[in-house]
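Per-entry structural report
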Amino acid sequence: MANFIILIDPDSERRSHYIKTIEPLLPPVANLVTHSCSGGNFHAIWAAHPQAPISTVTTAEGAAIIWGEAITPDSSTRIDAARLQRLWHNAPATSYFDGYYAAVVYEPDGRLMVGADVLGIFPVYYYTHQDVALVASSPELFPYHPKFQTQFNPAGLVGILLTNGLFKDQTLWQDVQRLSAGHLLTWQPETSPQLIQQYQIPGSGPDHPYTQLSFAEQLDQLDHSLNQAIARHAPADKSYSLLLSGGLDSRMLAGYLDQQGRQPIALTLGIPSDIEMQCAIPVARTLGFNHRPLNISFKQYPTYAETLANWDHLASGYNWVMNWGLPSALAQFPPNLVTGYLVDRVIGGKWNYSLTPKTLSFDTFFAKINACALSQNVLKKLLRPDVFGDLVADTLEQIREVYISYSPIESARACCFEYYHRQRFHIGSMAWQACFGAWPILPVLDQQLLDMTAKFPVQSFAHRQAQNQLVCTHFPQLARLPLDRNDFNVEPLLSSPTRQRLARLFFLQLKWRRLLRKLGYDRRYYYRVYDINNPGWKAVRYLAEPQRQQIGELFDLDVLEQLLPPPHLPIKLGFDPIPESSGLKALLGFLLWSKDHL
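The sections below set out a description of the structure shown in this document. Quick caveat: nothing in here was measured; it's all calculated off a predicted structure.

Looking only at helices and strands, the protein chain features 25 helices and 18 strands. In terms of overall size, the protein chain behaves like a compact globule, its C-alpha atoms giving a radius of gyration of 24 Å where 598 residues would be expected to give roughly 25 Å. Each of the three principal axes of the protein chain carries a C-alpha extent, and together these read 75 × 60 × 50 Å. Here the analysis covers contacts within the protein chain between residues at least 6 apart in sequence; of these, 70% occur between residues at least 24 apart.

Below is the structure:
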C-alpha cells in the first residue's frame, strides 16, 4: 500500500518540476521507500512500506501499476500489472477484483484508467484541468501543480458535518472528487472524467433462494463463504499479524485462521487494565497465538492530529487521530495484517442493531448516521448563510435521494448507504492509516461474500444472531471466553449457569463504574481513547485554538464557542460520549485543516 500521486501533463518541464517538488513531501510517516514509474506524459510516484505488495510495468502499450493485491474472483490468483494492462484495455467494465488495492493503467493515446477495491475503501482522489490530470491517494499535494485552482468547497464541508464523512464524494476543495465506490475512472486530455460502474452491492428480496433455507443451512453457507474468503485473502505461504480486540469480529477471524493452520501474532491496542485487552489475551492464549499489546501515547496526539488533517482532509471525519501511531508499531511485526474491519456490518448486521424492519425508514436510519455528526439545526446556526446559503437543507434532501436510489427495498437501502458512506469512510479509513506499517488484509472485500450476505434474510443478521451462532457452533472454546462489547458487560456467548448468576451482579456495579468514569478512569478502550477531555484530545484542542478566528468568515464564532469551548474548559457530554463528540472532533479537524489550506 502507498501514498501515491499520478500526473498527466504534456509539459515535460512542468511535469519534472512538480515531481521533484512533491517527492520529499510524499511520505506521511517515516521509514517509507519512494519509487516511481513514468512514460510519455505520465508519471506516478509513491511512498510505501518497504515490503508493500506493488506491481508495475512499462511497455510500448503504456504503463500500469497495482498498489496492494488485486485477487481474481473465485480464485486465489493475484493480478499483476501486465495482466491488468491487458484486461482494462479490452474489458474495463467487467475487470474488477477482490482485495484491498488501487490500480492505474495509462495508454499512449493519453487514456487514463484508475480503479480500486469494490467498496472504494482505498482512497483515490482526482482533479482534471484541460490536458492535465492529478490522481492521488490524498489531495494534499495537488496545490503544488500550477494548473490546480485552490478553492474551498462549502458543499463538501456540509456533507462532512452532516454524515461525519464525505457525501457524494465531494471534498473540501472545489472540483476535487473521490473515486466513487465500485467505479473505474477514465479520462483523456481535453475531456471530462468519466465513471464506469464495475460493481454494486446486490439487492435482496423475499423471493431469493437464501430466504428458503433454514437458519442452520444459512449458517452452513456463511461458514463456507467465510472459510473460502479467508483462505483466498490470507494464503498459507505468508506470515501474518492479526488485530485482535476482545470483541466478536476479530475472535471469529482468529478462529478461522487457527482452523486453517495460520498462527498470526495477535496485536491488541490499549493498556493492561483495558477490558478489551483482558478479553483479547484469553483468546490468543486459547489459540496459542503470540500476543503483543500496542499502546499509542496521548503525548503523540497533536502530531497525529496534524497528519490526519493534512492527509485525510476530513474524508473520514476526525475520530481516528490515534491510529496514525499504528504504522511505526506495526512495522515491528509481519508485513501482512489481518483485520476485522467492516465484518460487523457484512456479517453482524445490515444496519444499526437498534433498528428493526418495522422501525426502519430514511428518517430513523439517518438519525443514527447523524448522531455521529452535527444536526441540521446546529449547522443552520453555525454556518454563515452568506457562504453556505441553503446547503444544509439541500444536502439533506440529496442524502434522502441517494438513500432511496439504492433499492426499492428498505433494508437494502440501509445496507448500501451503510457500506458506501459510514463504513467506507469511518471504518475503512483505518486500513489506509495502517498500510504504512503493514499490508491490510480485509476478508470482507470479497465479492462472493458480499453478494451472499447482501441477499440473506434481514432477520438472520439482526442483532448479530448469525455471527453469534457461527462462533458458538464452530469455535465454542472462544464463545466461552469473556467478550468485549465496548461496554462493561463481558458475558461470554456461551455461559455456565454460575456465570449467568454472577452476570446479574453486573448491573449492581454500574453506578460505581459511572462514578469512576466521571473521575476520568474508564477501562473501556474506545471510550478512553475517544474521550475528547482526555490529555491527548485536550492537547489537540490547544493546537487548533489559534485557528478559531481565521474561520470567522465561515462560522458564527459565538455558536462555535458554545460547541467547542476554549481548551482549558471541559466539554460536557451526555450518556453516549463517542457519537456525541464525533461532530465536535470534525470541527477540530477543520480548524487544523484551515491552517494550511484556506
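All right, on to the nonpolar core then. With 192 residues, the main nonpolar core has Phe-42, Leu-112, Ile-201, Leu-382, Phe-555 and Phe-590 as its most contacted residues. Considering each element in turn, this core owes the most residues, 9 residues, to helix 25 (residues 577-597). The contact partners of Phe-590, leaving out residues within four places of it in the chain, are Phe-152, Leu-157, Leu-172, Leu-314, Ile-551, Leu-554, Phe-555 and Leu-598. Ala-64, Ile-66, Leu-84 and Met-113 belong to the second largest nonpolar core, which has 14 residues in total.

Our next topic: the sheet that holds strand 14 (residues 265-269). With respect to topology, 5 strands assemble into an open sheet ordered 15-14-13-17-18, the strand pairing being parallel. Each of the sheet's edge strands pairs with one partner strand only, and the pair in question is strand 15 (291-294) and strand 18 (439-441). Strand-to-strand twist in this sheet, taken as the mean axis angle between neighbours without regard to direction, amounts to 30°. Pairing of strand 17 (residues 336-338) with strand 18 involves 3 bridges; the strand directions are parallel. Bridge assignment links Asn-336 to a residue of strand 18, and that residue is Trp-439.

This paragraph deals with the environment of Asn-41. Assignment of secondary structure puts Asn-41 in the loop between strand 2 (33-39) and strand 3 (42-48). Look at Asn-41 and you get partly exposed, because its relative accessible area is 29%. Separated by 66 residues in sequence, Asn-41 and Glu-107 place their C-alpha atoms 10.0 Å apart. Apart from the residues lying within four places of it in its own chain, the contact partners of Asn-41 are Leu-7, Ile-8, Asp-9, Pro-10, Arg-15 and Tyr-106.

On to the sheet that holds strand 8 (residues 125-129), then. With antiparallel pairing, 6 strands are arranged side by side in an open sheet as 2-3-1-9-8-10. With partners counted over all chains shown, the strands left at the sheet margins are strand 2 and strand 10 (177-178), one partner each. Note that strand 8 and strand 10 share 2 bridges and pair antiparallel. In the sheet register, Tyr-125 faces strand 10, and the bridge partner there is Arg-178.

On inspection of all chains with the given rule, the structure shows 18 salt bridges. Notably, a salt bridge pairs Asp-249 with Arg-464, separated by 3.6 Å at the nearest N-O pair. Of this pair, Asp-249 sits in helix 5 (residues 248-259) while Arg-464 sits in the loop between helix 17 (458-461) and helix 18 (465-474), and the two are 215 residues apart along the sequence. You'll find Asp-249 and Arg-464 in the same group, each marked buried. One salt bridge in this structure joins Arg-464 and Asp-344, with 3.9 Å as the shortest N-O distance. Here Arg-464 is found in the loop between helix 17 and helix 18, whereas its partner Asp-344 is found in helix 9 (residues 343-348), with 120 residues between them in sequence. The class for Asp-344 is buried, based on a relative accessible area of 19%. Taken together, the salt bridges that share partners define one network made up of Asp-249, Asp-344, Arg-345, Glu-418 and Arg-464.

On to the packing of helix 23 (residues 535-544) against helix 25, then. The N-to-C vectors of helix 23 and helix 25 enclose an angle of 40°; their axes lie 9 Å apart at closest approach. When the interaxial angle is binned, helix 23 and helix 25 end up oblique. Crossing of helix 23 against helix 25: the hand is left-handed. Across the interface between the two elements, Trp-537, Val-540, Arg-541, Leu-543 and Ala-544 from helix 23 touch Lys-585, Leu-588, Leu-591 and Leu-592 from helix 25.

Turning next to the side chain of Asp-274. Tracing the backbone shows Asp-274 in the loop between strand 14 and helix 6 (275-287). Here Asp-274 falls in the buried class, since its relative accessible area comes to 0%. Contacts of Asp-274, omitting those with residues within four sequence positions, involve Asp-522, Arg-523, Tyr-525 and Arg-528.

Below, the discussion takes up unusual backbone geometry. Trans is the prevailing form of peptide bonds, just as negative phi is the prevailing case for residues other than glycine. Backbone geometry places Lys-168, a non-glycine residue, at a positive phi of 55°. Relative to the elements of secondary structure, Lys-168 occurs in the loop between helix 3 (154-163) and strand 10. Residues other than glycine seldom take positive phi values, yet Arg-464 does so here, at roughly 60°. The exposure class of Arg-464 is buried, given its relative accessible area of 17%.

Under the definition given, this model contains 0 disulfides. Unpaired in terms of disulfides, Cys-37 finds its nearest cysteine sulfur in Cys-435, a separation of 19 Å. Cys-37 gets classed as buried once you look at its relative accessible area, which sits at 6%. Cys-415 carries a free sulfur, and the closest cysteine sulfur to it, the one in Cys-416, is 5.3 Å from it.

Applying the stated rule across the entire model yields 32 aromatic pairs. Measuring from ring centre to ring centre gives 5.1 Å for Phe-42 and Tyr-106, while their planes differ by 15°; the resulting arrangement is stacked. Note that Phe-42 is positioned in strand 3 and Tyr-106 in strand 6 (residues 101-106), a separation of 64 residues in sequence. Owing to a relative accessible area of 5%, Tyr-106 belongs among the buried residues under this scheme. Measuring from ring centre to ring centre gives 4.9 Å for Tyr-525 and Tyr-526, while their planes differ by 75°; the resulting arrangement is edge-to-face. Residue classification places Tyr-525 among the buried positions, given a relative accessible area of 6%. Cluster of aromatic residues (ring-pair linked, three or more members): Tyr-127, Phe-142, Phe-148, Phe-152, Trp-173, Phe-555, Phe-590 and Trp-593. A cation over a ring is seen here: Arg-524 above Phe-488, with NZ or CZ 4.3 Å from the ring centre. The ring of Tyr-527 has Arg-524 sitting right over it, with the charged end atom 3.6 Å from the ring centre.

Among the residues of helix 18, those classed as buried are Ala-466, Gln-467, Leu-470, Val-471 and Cys-472. In the core, the buried residues of helix 18 are packed alongside helix 4 (215-233), helix 5, helix 9, helix 17 and helix 19 (476-479).

Let's shift gears to the environment of Val-378. Note that Val-378 resides in helix 11 (residues 376-382). Residue classification places Val-378 among the partly exposed residues on the basis of a relative accessible area of 25%. In this structure, the C-alpha to C-alpha distance between Val-378 and Leu-560, residues 182 residues apart in sequence, is 9.9 Å.

The rules behind the values
- Residues numbered from 1 in each chain as written.
- Predicted model: local features only at pLDDT ≥ 70, side-chain atom pairs only at ≥ 80, totals over all residues.
- Heavy atoms only, no water.
- Helix = DSSP H or I, 4+ residues; strand = E, 2+ residues; numbered from the N terminus.
- Rg over C-alpha atoms; globule rule 2.2 N^0.38 Å.
- Contact = heavy atoms within 4.5 Å.
- Core = buried A, V, L, I, M, F, W, Y, C linked by side-chain atoms within 4.5 Å.
- Buried < 20%, exposed > 50% of the residue type's maximum accessible area, 1.4 Å probe, protein only.
- Pairing = 2+ DSSP bridges.
- Axes fitted to C-alpha atoms, helices over the stretch in contact; angles between N-to-C directions.
- Salt bridge = Lys/Arg side-chain N within 4 Å of Asp/Glu carboxyl O.
- Parallel < 35°, antiparallel > 145°, perpendicular 65-115°, else oblique.
- Left-handed = near helix turned anticlockwise from the far one by under 90°.
- Disulfide = S-S within 2.5 Å.
- Phe/Tyr/Trp six-rings, centres within 6.5 Å; stacked < 30°, edge-to-face > 60°.
- Lys NZ or Arg CZ within 6 Å of the ring centre and 35° of its normal.

Fair warning: the whole summary comes from geometry, so function is off the table for now.
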